[in-house]
Amino acid sequence: MPKSKNRRKPKGNKPSGAAQTAGGAEVIEGAAASSSSSSRSERVDSAPAKPKSVSPVQFAQQVRAEMQKVTWTSRGETMVSTIMVLVMVAIMSLFFFTVDQILRFVMPNLLSLNLF
């Protein structure tokens, strides 16, 4: 399959919890940054910060923007995938039917041997 044109590029190699610099100022995720280094070491990790609340109009705009980034399959790809699934279902049903018929024949004969 061809690669999607809408893939996002990675923003950086930094782990998600690492300190980041924005415009020369250090930004620390999950807590307020302070000017003294001693207060940083004394800081106790609290609950993660709440995400910003978004108005319903902004939410709808964000949903619309994200939906425009989605790469949908073409009609041809969908038809080919559907046919492949139907063929595999037919093959598997024949396989299980064959195994069922073999077991239907073998099990009564095996149980009627009275080996004990």
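Residue numbers restart at each chain and count upward from 1, following the sequence in its written direction. Predicted model: local features are reported for residues with pLDDT of at least 70 only, side-chain atom pairs are reported and counted for 80 or more only, and whole-chain, interface and lining totals are derived from all residues. Water and hydrogen atoms play no part in the side-chain values, which are based on all heavy atoms of the structure.

What about the overall build of the chain?
The following threshold applies: The way it works is that DSSP assigns letters per residue, a run of H or I at least four long becomes a helix, a run of E at least two long becomes a strand, and they are numbered from the N terminus. Surface accessibility follows the Shrake-Rupley procedure with a 1.4 Å probe radius. Residue values consider only the protein chains on display as shielding.
On a plain count of helices and strands, the chain comes out with three helices and two strands. N-terminal to C-terminal, the α/β element order of the chain is β-β-α-α-α. Here the chain has roughly 11300 Å² of accessible surface; of this, 64% comes from carbon and sulfur atoms.

Details of the confidence of the model for the chain
Basically, it comes down to this: pLDDT: the predictor's confidence for each residue, scored from 0 to 100. Whether two residues touch is decided by their heavy atoms; if any such pair falls within 4.5 Å, the residues are in contact.
Residues of the chain with pLDDT of at least 70 account for 59%, and the chain-wide mean is 76. With pLDDT under 50 throughout, residues 30-36 is counted as low confidence; its partners more than four residues away or in other chains account for five contacts.

A word on the packing of aromatic side chains
This is how it is decided: Any two of the Phe, Tyr and Trp rings considered here, Trp counted by its six-membered ring, make a pair once their centres fall within 6.5 Å; the pair's planes then place it as stacked at under 30 degrees, edge-to-face at over 60, or tilted in between.
Counted under the stated rule, the structure contains one aromatic pair. Between F95 and F96, the aromatic rings sit 5.2 Å apart at their centres with planes inclined by 70°, giving edge-to-face as the arrangement.

Considering the pattern of salt bridges
Threshold: Every case where a carboxyl oxygen of Asp or Glu lies within 4 Å of a side-chain nitrogen of Lys or Arg is listed as a salt bridge. Only protein chains enter the accessibility calculation, which uses a 1.4 Å probe. A residue is then buried if its area is under 20% of the maximum for its type, exposed if over 50%, and partly exposed in between.
Under the counting rule described, the total for this entry stands at one salt bridge. Between K69 and E66 there is a salt bridge whose closest N-O contact spans 3.2 Å. Note that K69 and E66 are positioned in helix α2 (residues 56-69) at a spacing of three residues, about one turn of the helix. With a relative accessible area of 37%, K69 lands in the partly exposed category. A relative accessible area of 38% means that E66 is categorised as partly exposed.

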